[in-house]
Amino acid sequence: MFQRSYPNLAVVTHVVNDDLRDFVVRREVRRTDFMVHGEHDDRTAPQFRNRKGRGPHKGRYDRSRRDRQRGNHSGGFGGPGPRSRLDDTDGDVTMSDGSQDSSSQNRFNPYGRPFRKGDGRFDRDRRQGKGGGRGGGGGPFRVGDRGGGGGKNQSGWYKVTIPHGRKYDKKWLLTALQNICSVTYTPVQYHVDHNRVHFYVDDSSVASALHKCSHKITDTDGYKVEVHVNKSGPPSFLLSDLKPEHLEHLKQCMAKRFDGSQQALDLNNIRTDPDLVSQNIEVILNRKTNMEAVIKIIEENIPELTSLNLSNNRIHKLDELAELVTKVPNLKTLNLSQNELKSDRELDKLKGLKLVELWLTRNPLCDVFKDQASYISAVRQRFPRLLRLDGHDLPPPIGFDVETPTTIPPCKGSCFGSDEIKAVILRFLQQYYSIYDSGDRQPLLDAYHDGASLSITTPYSTQNPSRSSLGEYYKDSRNLKRVKDSTIRFRLLKHTRLNVVAFLNELPKTQHDIASFTIDVNTYTNTLLSFTVSGVFKEVVVDGKSRESTMAFSRVFITVPAGNSGLCIVNDQLFIRMATTEEIRRAFVAPAPTPSSSPVPTLTAQQQEMLTAFSQKSGMNLEWSQKCLQDNEWDFSRAAHIFTQLKAEGKIPDVAFIK
């Protein structure tokens, strides 16, 4: 049998590199025949065509024949045919559907692998494809490194990489691969690294099948999905824990690196610590079990730790460090510099730490920001108390130091400070809004100081202002957060009482719900009174049409004494927004006075007498008493009944009782 195969051996030796010397002579002839068959399938295949199941080597030849019929070489992933391309075994390999014809360097060469020094026979056997070696012939990478015979499925880990896989939905990608993969598989530790997707499989047949899926899937953008498969160590989470004796050495090493006076632990580049290296102990903090061991030692021995240095440890994920939030609650300084953190999103896992100092220099994430300001902002969003970043002082943080969730107290009524101030303010507001809601606001000139100023502000909205109910006010809004130009800022501030009142006259005509007013006194001295009034109003008439929208306002008056008991406005700040649903529901429930420049219009003698009597019995002033009687068609008894009911419900404002 072997005698008949030797002529083929001569053909193979013709393509061997000269520097390999006696390499061919020392190979098994059986293996050489197989390679020749793969290279010259059309000439040599017939001699074995009828030998299926015969002879002591039937399994190997039978497998090789079946593999050739499928267009592959035994034990490898060489491509679609016997002339597949042999790529570098140490790099990522992209599966290709095409093959190159009549190119000698691309033809399958069983002796084409670079010669590597080995340990004699084992190394020789591995190159020849014996059991216990790489498991067979050529291909981009080998299957079955862990021993075993030829074409059987071998255990061992393979890393599958999808370049640009980040843009794909995980479920879509895995389903698409499974649909065309000839072997059912379960991806292990699926994760994204930069733009790539990685996962692991623990079976050579699965690795082979996945490798053949490359360029077989077309995404929604018309691109072919590449699949790279490489021999790999086990996933990090499967790495064995440190042995008990190793943990004790690690504990002693950490004790030497701990500064009790500063409550600081320095674990910089711990994998090269002489105490650990001398004991042949490998502590790699980017491994889950190793980091967990370190955190456990910290928790059990130095829970009061305030400073931790983890620099230069090749850390690329912070999942395990999330436990520091609960296990090392006093940690204030953390050094993560010179690691492999690629995204600021990793910092989200540490958001619970109350850090005041953080080091992130020489991590890839530092290069993704357009400028230093955006870098600082992104970090400070996670750690609002941070005062130092990468050794540089930061501006003091602005925020509220609230440890526990706080419920906002319920809204209270008006605050005046004293009954005397209350009477002055209520009288002023009753007079001011009586004129403001009338048809002519010119009499308000008497309410403003000669050098008075006024500004109006509305909330910023992306909605087209012309389509908003606030459109009439938006154009004059002096929102300093939006208006940066100093000239425009000055123009939007109305100066002198003539300009102020002229501007007020241009605003839409309104009716304010005085019953909705809430007043708060901000400052009160003998020469200054500042107070805020808030409430709701509606526009009465615009171009002959009534507006249905109800708006809310907040107005700050800064006033000085005028006359015996009057007030003169020196500064007026008006803020207008759309009313809430609740504010609209409660608006204009209580009776409102009819806007009029004359407090008491001409009445008949009987009505005058009834009005005087109703004012005395109810305690309300003449204007509110008249409104109540008019709303009840001058029925004294019915008006008295309604008054009693509304007063009991607290719906009559205080201004109704100012005479």
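Everything below is about the structure printed above this text.
The following refers to the structure shown. (Residues numbered from 1 in each chain as written. Predicted model: local features only at pLDDT ≥ 70, side-chain atom pairs only at ≥ 80, totals over all residues. Heavy atoms only, no water.)

Side note on the nonpolar core
As a reminder, the rule being used: Take the buried Ala, Val, Leu, Ile, Met, Phe, Trp, Tyr and Cys residues and link them wherever side-chain atoms come within 4.5 Å; each set so joined is a nonpolar core. Note on classification: 1.4 Å probe, protein chains only; a residue is buried when its accessible area is under 20% of the maximum for its type, exposed when over 50%, partly exposed between these limits. For each domain, the first and last residues come from an automatic or database assignment. The contact definition used throughout considers only heavy atoms, calling two residues in contact when any of these lie within 4.5 Å.
The biggest cluster of nonpolar side chains holds 54 residues, and the ones touching the most others in it are Tyr 432 and Tyr 448. Here this core spans two domains, since at least three of its residues come from each of domain 3 (419–586) and domain 4 (605–656). Leaving out residues up to four positions away in the same chain, Tyr 432 has contacts with Leu 444, Ala 447, Tyr 448, Leu 504, Arg 555, Phe 557, Ile 569 and Asp 572.

Let's talk about the environment of Thr 457
Cut-off, in case you're wondering: Only DSSP runs of H or I reaching four residues or more are called helices, and only runs of E reaching two or more are called strands; each is numbered from the N terminus.
Note that Thr 457 resides in strand β12 (residues 448–457). Remark: the alpha-carbon pair of Thr 457 and Lys 475, spanning 18 residues in sequence, is separated by 9.6 Å. When sequence neighbours within four positions are dropped, the list of residues in contact with Thr 457 reads Ser 477, Arg 478, Asn 479, Leu 574, Phe 575 and Ile 576.

Looking at the packing of helix α18 (residues 605–618) against helix α19 (residues 622–631)
The condition is simple: Note on geometry: axes are lines fitted to C-alpha atoms, helical ones only across the stretch in contact, with angles between N-to-C directions running from 0 to 180 degrees. Should an angle fall under 35 degrees it is called roughly parallel, over 145 degrees roughly antiparallel, and 65 to 115 degrees roughly perpendicular, with every other angle called oblique. Handedness of a crossing is defined here by the sense of rotation of the near helix relative to the far one, left-handed for an anticlockwise turn of less than a right angle and right-handed for a clockwise turn. The residue classification treats Ala, Val, Leu, Ile, Met, Phe, Trp, Tyr, Cys and Pro as nonpolar and Asp, Glu, Lys and Arg as charged. All others, Gly included, are polar.
At their nearest, the axes of α18 and α19 sit 9 Å apart, and the two run at 110° to each other. Relative to α19, α18 is oriented roughly perpendicular. In terms of crossing hand, the pair formed by α18 and α19 is right-handed. In this structure, α18 uses Met 610, Leu 611, Phe 614, Ser 615 and Ser 618 to contact α19, whose residues at the interface are Leu 622, Ser 625, Gln 626, Cys 628 and Leu 629. A class-by-class count of the residues in the contact of α18 with α19 yields 6 nonpolar, 4 polar and no charged.

Re the sheet that holds strand β2 (residues 188–193)
Here is the rule: In short, DSSP must find at least two bridges between two strands for them to pair.
What the 4 strands build is an open sheet, ordered β2-β3-β1-β4; its pairing is antiparallel. Looking along the sheet, the strands with just one partner apiece sit at the ends: β2 and β4 (228–231). Neighbour-to-neighbour, the strand axes of the sheet open up by a mean angle of 20°, direction not taken into account. Where strand β1 (residues 158–162) meets strand β3 (residues 196–201), 5 bridges bridge the pair, whose relative direction is antiparallel. The residue bridging Tyr 158 from the neighbouring strand is Val 201, located in β3. Contacting β1, β3 and β4, helix α7 (residues 204–211) crosses the sheet at an angle of about 150° to β3.

Digging into the layout of surface pockets
This is how the line gets drawn: Residues are called lining when one of their atoms sits within 4 Å of a cavity or pocket point, these points coming from a 1 Å grid over the protein atoms alone, where a cavity is a set in which a 1.4 Å probe fits but cannot get out and a pocket is an open set with protein on both sides within 12 Å along at least five of seven lines. Grid points are joined across faces, edges and corners, and a volume is the space filled by probe spheres set on the points.
Estimates place the volume of the largest pocket at around 1000 Å³. Mapped by element, the contributors of at least two residues to the lining of the largest pocket are β2, β3 and α10 (288–301). Residue contributions to the lining of the largest pocket peak at 4 residues, all from β2. A per-class count over the lining of the largest pocket returns 10 nonpolar, 11 polar and 13 charged. Lining the lining of the largest pocket are residues from two domains, each supplying at least three of them: domain 1 (158–237) and domain 2 (240–393). One number sums up the size of the second largest pocket: a volume of about 880 Å³. Taken together, 35 residues form the lining of the second largest pocket, with Ala 515, Ser 516, Phe 517, Thr 518 and Arg 586 sitting closest to its centre. Within the residue set of the lining of the second largest pocket, elements represented by two or more residues are β15 (518–524), β16 (529–539), β17 (550–562), β18 (566–578) and α17 (581–586). Within the lining of the second largest pocket, the residues separate by chemical class into 17 nonpolar, 8 polar and 10 charged.

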